[in-house]
Amino acid sequence: MMSSKVETAKNGLFKNRSEFLQKFLAFGVLIFLCIFFGVLTGGNFLQIDNLLTIALQVTPYAILGFGLTFVLITGGTDLSAGSVLGFGGIVCAKAITLGFSIPVAILIGILTGVLAGLINGLFITKLNVTPFIATLGTQYAFRGLTQLVGQGKPVSIRALGDEQITKVFQFMGGGTVFGKIPFPTIIMLITATILGIVLSKTGYGRRLFAVGSNEEAARLSGINVVKTKLTAYIICGATSAMAGILLAARLASAQSNAGSGYELEGIAAAVIGGTSVIGGEGGILGTVIGAFVMGVLRNGLNLLKVDAFVQMVIIGTIIVLGVWYDTSRRKKQAESIKPVKNCESSK
Amino acid sequence: MTELLRMCGISKSFPGVRALSNVSLSLNAGEVHALCGENGAGKSTLMKILSGVHQADEGDIFIEGKKVSIDNTKKAQQLGISIIFQEFNLCPHLTVADNIWLDRQPKTGPFVDDKKLIEKTQQILDELGLSINPKALVRSLSVAEQQMVEIAKAISFNSKILILDEPTAALTQSEIDSLFNIIYKLKAKGVGMVYISHRLEELARIADRVSVIRDGEYIGTYPYKEVTIDTLVHLMVGRELNNKYPVYQRKIGNVLFEARNIASNKVDVEHIQVHAGEILGIAGLMGAGRTELARAIFGADKTFHKEVFVDGKLVEINSITSAIKNGIGYITEDRKKDGLALNMTVERNVNMAFISNLCKKGFVNESAAKTNADKYINSLRIKTPSMFQKTRNLSGGNQQKIVLAKWLCNDIKVLIFDEPTRGIDVGAKYEIYELMNRLSDNGVAIIMISSDLQEILGMSDRIAVMCNGRISGVLNREEATQEKILRYATGLCDEEGKGA
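As the structure is a prediction and not an experimental result, all values here were calculated from the model.

**Topic: the overall build of chain A**
Next, step 1: Looking only at helices and strands, chain A features 14 helices and four strands.
Next, step 2: Among the 347 residues that make up chain A, the fraction classed as buried is 53%.
Next, step 3: Intrachain contacts of chain A at a sequence separation of at least 6 include 77% that bridge at least 24 residues.
Next, step 4: Total accessible area computed for chain A in this model is approximately 15000 Å², and 69% of it derives from carbon and sulfur atoms.

This is the structure in structure tokens:
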């Protein structure tokens, strides 16, 4: 998780002070949680192995959260992300069992996600269905398709009987490089860097924030709102499928119920990291931190042998507090505004 | 004749604006009292004070001789004051009966007594001579019928004082007739009505007295029979043009922009043209279709038909992108609603319509973006602590300059200003006018929509007046007067088929 801090310095993704404060706060919470659990577990929590386990565990949530960050910035939402995760994973696994090479199968899996995102985006931009309803519907539809592909059963790579393929696939999902760093976490950090740059450095990123901040103003400035939003949903579909493929790879088997409910984890990660649910604000780095906050909580509570049901209560409460903090901060900001006095009016 | 209402010396200020100063109004039982004034004169503010939406800073309100304070809308309702706004406050998914008796339905125990509810509703509808089904859903009714339901609701509160704000703005002639029949009935019942309307000719049919407000000040009250429309118009606008506009000699060139046969749901304009360096003012009352015309030209709204020529060449404008590509820009009426992204920085807003020009292979050239923002912050003298300040924190005048900068980045030939100085202070206004003159110096053709007649007269080279979606008259700078503009705007005279 420390690697995310290094990234801050490198990319300089903070755009202004309030954003910095928000991330600083999320980052502070993360550090606090680490120390808190470190002390309570007598140092066990801070063992390198444990921290790397957390990094591996948060990877799919974080990747899912990246796409959701894009969608949330437009002021939309994608409730189908968890289903697309399952769908992309199972299509990729199925492609491997059908004899496609691993790179081709991954491509097919990600294209599945792109297509799913395109469908979501078309419903929302062209048919004007509200994002909540459109993606609630497709959540069911994509889950159904996932079940159809797997015919209700997991698609196992191991059952193929090809040692080599199983090994390569499993390495993608859970192997380590440079000693003990999980491969998927590397993928996650690379994805974060790329998408972070897209958000902060490209014309597309600027358009995305403009659309989310004031859609009509953006439209009247000649920004193609439909294309901008559509792209956000496509990115979300692609990252969802990517998370699904990594998850399937770790188990060498794609579960047809994989990713169920993950969309909410992804949204929570984004929101804790400072992405606004009403659009116009957000960033990838925050989502990385947010995902780690969730992962650290879960892992720490496990180590403390907190009852699983109690864990759910705690995590749920934290999500609500996170959103509450976000909205109250925004409100305070809006209320405290005093226009800069017009100097020229005195002349 | 008993006096129902007296408002004395009412004053009200909003931050930076004195909306009303020492305004008085009285209303007798069974009287229709017309309230006249230009857009923004303070009529609506006065009525909002009467109905408890706003509270007066100074002044007293007496109802039937007793001094009252109207702290909220509930209190106004209890005092028998009902207001029918231009925008209705009905629940479209509920029935007529439920709307009229909202939260006051007759009940047996915890349950709504449907039979009694319908009965009571029918009684009121009969009283007003309305043939509306009490069980009909409000959304299935026409605009006129919905208005009747609003009136019925007011009657159900036993309102003695009824405020009608532009009630005929959306009605057809026969609907207006039936509205007036109801007004006659209410008069006979002793209800006093304050009636706000721009349609001076129809006031003659119902108004007993008329009061005029101008720039938040009370001008006078007159028996309607004793004033002519001409005196009324003069009273509404009659002020001297003071020197608020930069003196400027414009150099007018060839026709730069021309549009023919613009037809959409809301506008029907045969011809409009603007020369290089010229400012064409577009005047008209609210709802005359001025903004709709601008949006149609800019490709923001769908049109059935339109031919646009820029620099003498026929161009196809079917989207905002194509409008921008052909050098047309549009500065919207409400900069907060659709002009700026308030949560974003000055730099991002200035460059919003210019992003694609700042990109290389999809990546924004940040230093070019900063240079560009810096250039306009300096040349337009935008007062901001830094280009990374959120636009939300700037004053109205500076926000307006940012919107302007957004268009100046692009190679703009035709620029439409929609209410360019609304809500900004006098000093900043003057600066905006100077910027408009600078643009005209550079040969930009400017279309300026404004509800401020002084602004129209002070800045325009020619003035097109709109009424009901059409251009009802075109005036040269020399011949234009406020009276003439208002005559065209209210539809009192109409030179049909004349283009701008």
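On we go.
**Here we look at the overall build of chain B**
Next, step 1: Counting its secondary structure elements, chain B contains 18 helices and 24 strands.
Next, step 2: Against the compact-globule benchmark of 23 Å for 500 residues, chain B has a radius of gyration of 25 Å, which places it among compact chains.
Next, step 3: Its C-alpha atoms give chain B principal-axis dimensions of about 75 × 55 × 45 Å.
Next, step 4: Among the 500 residues that make up chain B, the fraction classed as buried is 56%.
Next, step 5: In chain B, of all internal contacts separated by at least 6 residues, the share reaching a separation of at least 24 is 66%.
Next, step 6: Accessible area of chain B: about 21300 Å², with a carbon and sulfur share of 49%.
Next, step 7: Of the side-chain charges in chain B, 62 are positive and 61 negative, and the distance between the mean point of each set is 5 Å.

**Description of the interface of chain B and chain A**
Next, step 1: Facing the 46 residues of chain B at the interface are 34 residues of chain A.
Next, step 2: A buried area of about 3100 Å², summed over both sides, lies between chain B and chain A, and 53% of it is on carbon and sulfur atoms.
Next, step 3: Counting the contacts that link chain B with chain A gives three salt bridges.
Next, step 4: For A:Glu216, the salt bridge identified is with B:Arg295, shortest N-O distance 3.3 Å.
Next, step 5: Between chain B and chain A we count nine residue pairs in polar contact (both at pLDDT 80 or more) in total.
Next, step 6: Elements that contribute at least two residues to the side of chain B that touches chain A include exactly α10 (320-325), α11 (335-339), α12 (346-350), α13 (355-358), β20 (363-364), α14 (366-379), α15 (396-408) and α16 (426-441) of chain B.
Next, step 7: Among the elements that line the side of chain B that touches chain A, the one with the most residues is α15(B), at five residues.
Next, step 8: Considering only residue class, the side of chain B that touches chain A consists of 19 nonpolar, 12 polar and 15 charged.

**Re the sheet that holds strand β17 (residues 313-315) of chain B**
All names here are of chain B.
Next, step 1: Spatially, four strands are ordered β14-β13-β16-β17 in an open sheet, and the strand pairing comes out antiparallel. Each end of this open sheet is capped by a strand with a single partner; those strands are β14 (268-275) and β17. Adjacent strand axes in the sheet meet at a mean angle of 15° when their direction is disregarded.
Next, step 2: Here strand β13 (residues 255-263) runs beside strand β16 (residues 305-310); their pairing, made up of five bridges, is antiparallel. Note that in β16 the partner of Arg260 across the bridge is Glu307.
Next, step 3: Helix-sheet contacts for helix α9 (residues 290-297) involve β13, β14 and β16, and the interaxial angle to β13 is about 110°.

**Observations regarding the packing of aromatic side chains**
Next, step 1: Applying the stated criterion across every chain, the model contains nine aromatic pairs over all chains.
Next, step 2: Here A:Phe36 and A:Phe37 contribute two aromatic rings whose centre-to-centre distance is 5.3 Å and whose plane-to-plane angle is 70°, an arrangement assigned as edge-to-face.
Next, step 3: With a relative accessible area of 38%, A:Phe36 lands in the partly exposed category.
Next, step 4: Between B:Phe298 and B:Trp407, the aromatic rings sit 5.7 Å apart at their centres with planes inclined by 90°, giving edge-to-face as the arrangement.

**Details of the nonpolar core**
Next, step 1: Residues B:Ile151, B:Phe257, B:Phe298 and B:Ile328 are the most contacted members of the largest nonpolar core, which totals 139 residues.
Next, step 2: No other element matches helix α5 (residues 143-156) of chain B, which puts seven residues into this core.
Next, step 3: Of the residues that make up this core, three or more belong to each of domain 1 (3-237) and domain 2 (255-489) of chain B.
Next, step 4: When sequence neighbours within four positions are dropped, the list of residues in contact with B:Phe257 reads B:Ile272, B:Gln273, B:Val274, B:Ile297, B:Val308, B:Phe309, B:Val310, B:Ile328, B:Val414 and B:Ile447.
Next, step 5: Judged by nonpolar contacts, the second largest core, of 71 residues, contains A:Leu72, A:Val225, A:Met242 and A:Ile267.

**Some details on the packing of helix α4 (residues 81-97) of chain A against helix α6 (residues 131-150) of chain A**
Residue and element names in this part refer to chain A.
Next, step 1: Running from N to C, α4 and α6 point in directions that differ by 20°, and their axes come no closer than 8 Å. In terms of their interaxial angle, α4 and α6 are classed as roughly parallel. The way α4 lies across α6 gives a crossing that is left-handed. Touching Gly82, Ser83, Val84, Gly86, Phe87, Ile90, Val91 and Lys94 of α4 are Gln139, Phe142, Arg143, Leu145, Thr146, Val149 and Gly150, all from α6.

**Considering the domain arrangement of chain B**
Residue and element names in this part refer to chain B.
Next, step 1: You can read the domains of chain B as domain 1 (3-237) and domain 2 (255-489).
Next, step 2: One C-alpha centre belongs to domain 1, the other to domain 2, and the line joining them spans 36 Å.
Next, step 3: Taken together, the contacts link eight residues of domain 1 with nine residues of domain 2.
Next, step 4: Buried surface at the junction of domain 1 and domain 2, summed over both partners, amounts to about 860 Å²; 53% is from carbon and sulfur atoms.
Next, step 5: Summed over the shared surface of domain 1 and domain 2, the result is one residue pair in polar contact (both at pLDDT 80 or more).
Next, step 6: The residue makeup of the side of domain 1 that touches domain 2, split by class, is three nonpolar, three polar and two charged.

**A word on the sheet that holds strand β15 (residues 279-284) of chain B**
Residues and elements named next belong to chain B.
Next, step 1: Spatially, six strands are ordered β18-β21-β22-β15-β23-β24 in an open sheet, and the strand pairing comes out mixed. Of all the strands in the sheet, just β18 (328-331) and β24 (470-476) have a single pairing partner and so form its edges. Taking each pair of neighbouring strands and ignoring which way they run, the sheet shows an average axis angle of 20°.
Next, step 2: Packed on one face of the sheet, helix α18 (residues 482-489) meets β15, β23 (462-467) and β24 and runs near 30° to β23.

**As for helix α4 (residues 114-127) of chain B**
Each turn of an α-helix holds 3.6 residues, which means side chains three or four residues apart point in the same direction.
Residues and elements named next belong to chain B.
Next, step 1: For α4, with 14 residues, the first-to-last C-alpha span of 20 Å sits near the 20 Å given by 1.5 Å per residue.
Next, step 2: Among all positions in α4, only Leu117, Thr121, Ile124 and Leu125 are buried. Viewed end-on, α4 has its buried residues packed into an arc of 100°, placing them on one side of the element. Opposite the buried face of α4, at more than 90 degrees from it, the exposed residues are Lys115, Glu119 and Gln123.
Next, step 3: Among the structural elements, α3 (96-100), β8 (111-112) and α5 are those in contact with the buried residues of α4.

Rules used throughout
- Residues numbered from 1 in each chain as written.
- Chains lettered and ligands numbered in written order.
- Predicted model: local features only at pLDDT ≥ 70, side-chain atom pairs only at ≥ 80, totals over all residues.
- Heavy atoms only, no water.
- Helix = DSSP H or I, 4+ residues; strand = E, 2+ residues; numbered from the N terminus.
- Buried < 20%, exposed > 50% of the residue type's maximum accessible area, 1.4 Å probe, protein only.
- Contact = heavy atoms within 4.5 Å.
- Areas by Shrake-Rupley, 256 points an atom, 1.4 Å probe, with all protein chains shown as cover.
- Rg over C-alpha atoms; globule rule 2.2 N^0.38 Å.
- Lys, Arg positive; Asp, Glu negative; His and termini not counted.
- Charge placed at Lys NZ, Arg CZ, Asp CG, Glu CD.
- Buried area = accessible area lost by both parts, 1.4 Å probe.
- Salt bridge = Lys/Arg side-chain N within 4 Å of Asp/Glu carboxyl O.
- Polar contact = N/O pair within 3.5 Å; in protein donor to acceptor, adjacent residues only side chain to side chain.
- Nonpolar A, V, L, I, M, F, W, Y, C, P; charged D, E, K, R; others polar.
- Pairing = 2+ DSSP bridges.
- Axes fitted to C-alpha atoms, helices over the stretch in contact; angles between N-to-C directions.
- Phe/Tyr/Trp six-rings, centres within 6.5 Å; stacked < 30°, edge-to-face > 60°.
- Core = buried A, V, L, I, M, F, W, Y, C linked by side-chain atoms within 4.5 Å.
- Domains from an automatic or database assignment.
- Parallel < 35°, antiparallel > 145°, perpendicular 65-115°, else oblique.
- Left-handed = near helix turned anticlockwise from the far one by under 90°.
- Expected span 1.5 Å × (residues − 1).
- Arc of directions from axis to C-beta.

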